[in-house]
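# Observations on the model geometry
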Amino acid sequence: MRRKSRILLCFAVLWILGIAYYFYSGTAMNRKDVQRWKPDISIEHGTANIEDASRAEALSVRVPTHRACSVEAVSVEHVASREYVLGGCLNGEKGFAAASACERCRVFKENSQSVLGCCCLESPLDSVLKCIKDNWNGSESLKRKETHSINAEDKANSLETLPPGKRRWQDFNQDLYVGATVVKPGQDPYARNKFNQVESDKLQMDRGVPDTRHDHCRHKLWQTDLPATSVVITFHNEARSALLRTIVSVLKKSPAHLIKEIILVDDYSDNAEDGALLAKIEKVRILRNDRREGLMRSRVRGADAAVAKVLTFLDSHCECNEHWLEPLLERVAEDKTRVVSPIIDVINMDNFQYVGASADLKGGFDWNLVFKWDYMTPEQRRVRQGNPIAPIKTPMIAGGLFVMDKDYFEELGKYDMMMDVWGGENLEISFRVWQCGGSLEIIPCSRVGHVFRKQHPYTFPGGSGTVFARLVGS
């Protein structure tokens, strides 16, 4: 009896060790390993074993039946982190998501966002495994095709001849350009720009900023056949580091074919080289006023010189975020009477930290005609829960950053050319859109950072009171 008990105990221990090895083999492969393996799929006791012949290791994943794939894209990285199991998406939690969107699989596969899955798991196990294998093969083939296409495009770009005197932004000498105007020891770093120029000058021209978009935006597929835009940036005595980062972020964070040109309008800065030196960068044009004209007349001059059908207006101390441009161009391409703005993130004026702004804000104004941000009502926020990345209808847009059709801008009458220096342009353009049958929108999937200051860094000829009185009187 004791001998039989010992034998049973040994079998039990071996069975436990086998189970432990079974689960260990499914988690031992790290992300780097997963990216290299090629699946050899076989069926064994209701489990899909994906063998890596080159490393003699296996990733064993139990395939449940009667499940539906998730709407999320699936990648090998997700499999490595055990967050996705052959098309069953966890959406950030353990367990399978209850989604039924197998039709979306083809979309993900065609865009090479799915490797193992988004396979419908309602079929018998052999059909599921065939789906997985087809997905893998299709994705591998598509990835090779895309890699070849990207390499060919990079090669074409590298061989492209730039106009004489032009260079790519990567080859621009930031240290030489910014170093000529650094704050000297003992000087006030806030004196010239009303933000901490010392901190601004420390940053790289192509510094990374956090992706502050909603998660849904990161999985959205944007159109590629959009109209190109002319980006108009006006400035007066802007800090060179901030101006350079604005330009570089536009070029770096935008599809190249969508940026027709960047027009810098120098509103008679003290040093003409602030803009002239930047004209060496690809796609950058410089227009310099021979006297102070102010923001509105300078923008009109830039818009008149633009060759693209769509205008993008930016302030000179901005940083564009990931895929900021495509969502804006899509809305204008669908309807030329739309004037659209990104969500404007905050770049701290003291330490230049990039902070994401709330997506629950709309533009407004008070009875003193001062622009302000208004929170949506609880009811408006509740309605948006079903689609948090839908365009936000707004009665007013911030005047510094927006996109609109050039013909429509001219149809509106452009800006009032009697408006001086700065201020009121946000209300004026918004009122014109209202009166001419257009609409104003804030696009949540577009994010652009902006340095908000507590004071104006420039002077108002005749005094700010005179300028504002003329603004209200007009």
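Naming follows an unreviewed UniProt entry, where the protein chain appears as GALT2 acetylgalactosaminyltransferase of Polyodon spathula. The UniProt entry for the protein chain carries the following text under Sequence similarities (unreviewed entry): "Belongs to the glycosyltransferase 2 family. GalNAc-T subfamily." If you open the UniProt record of the protein chain and go to Cofactor (unreviewed entry), you find "Mn(2+)".

## Some words on the state of the cysteines
Taken as a whole and assessed by the stated rule, the structure comprises one disulfide. Shown here is the disulfide that connects Cys 217 with Cys 445, its sulfur atoms set 2.0 Å apart. Residues Cys 217 and Cys 445 share a disulfide whose torsion about the S-S bond is about -85 degrees; that sign makes it left-handed. Remark: Cys 445 occurs in strand S17 (residues 439-451) and Cys 217 occurs in helix H8 (residues 215-218); sequence separation between them is 228 residues. Of the two residues, Cys 217 and Cys 445, both sit in the buried class. The closest cysteine sulfur to the non-disulfide-bonded Cys 318 is located on Cys 320, 6.9 Å from its own sulfur.

## Overview of unusual backbone geometry
A positive phi is found at His 323, a non-glycine position, where the angle reads about 50 degrees. Take His 323: it is sitting in the loop between strand S10 (318-320) and helix H12 (325-334). Judged by its relative accessible area of 35%, His 323 is partly exposed. In this structure, Phe 352 is a non-glycine residue whose phi angle is positive, near 60 degrees. For Phe 352, the location among the structural elements is in the loop between strand S11 (338-347) and strand S12 (354-355). Look at Phe 352 and you get buried, because its relative accessible area is 1%.

## Some details on the pattern of salt bridges
Summed over the entire model, instances satisfying the criterion amount to 26 salt bridges. Across the pair Asp 315 and Arg 299 runs a salt bridge, and its minimum N-O distance is 3.6 Å. With Asp 315 in the loop between strand S9 (310-314) and S10 and Arg 299 in helix H11 (residues 295-305), this residue pair connects regions lying 16 residues apart in the sequence. Residues Asp 315 and Arg 299 agree in their burial class; the two are buried. The residue Lys 393 makes a salt bridge to Glu 441 at a minimum N-O spacing of 3.2 Å. Highlighted residues: Lys 393 in strand S15 (residues 392-393) and Glu 441 in strand S17, separated in sequence by 48 residues. Linked through salt bridges whose partners overlap, the residues forming this network are Arg 331, Glu 334, Arg 338, Lys 393 and Glu 441.

What counts and how
- Residues numbered from 1 in each chain as written.
- Predicted model: local features only at pLDDT ≥ 70, side-chain atom pairs only at ≥ 80, totals over all residues.
- Heavy atoms only, no water.
- UniProt positions renumbered as here; feature names shortened; annotations may be inferred.
- Disulfide = S-S within 2.5 Å.
- Helix = DSSP H or I, 4+ residues; strand = E, 2+ residues; numbered from the N terminus.
- Buried < 20%, exposed > 50% of the residue type's maximum accessible area, 1.4 Å probe, protein only.
- Salt bridge = Lys/Arg side-chain N within 4 Å of Asp/Glu carboxyl O.

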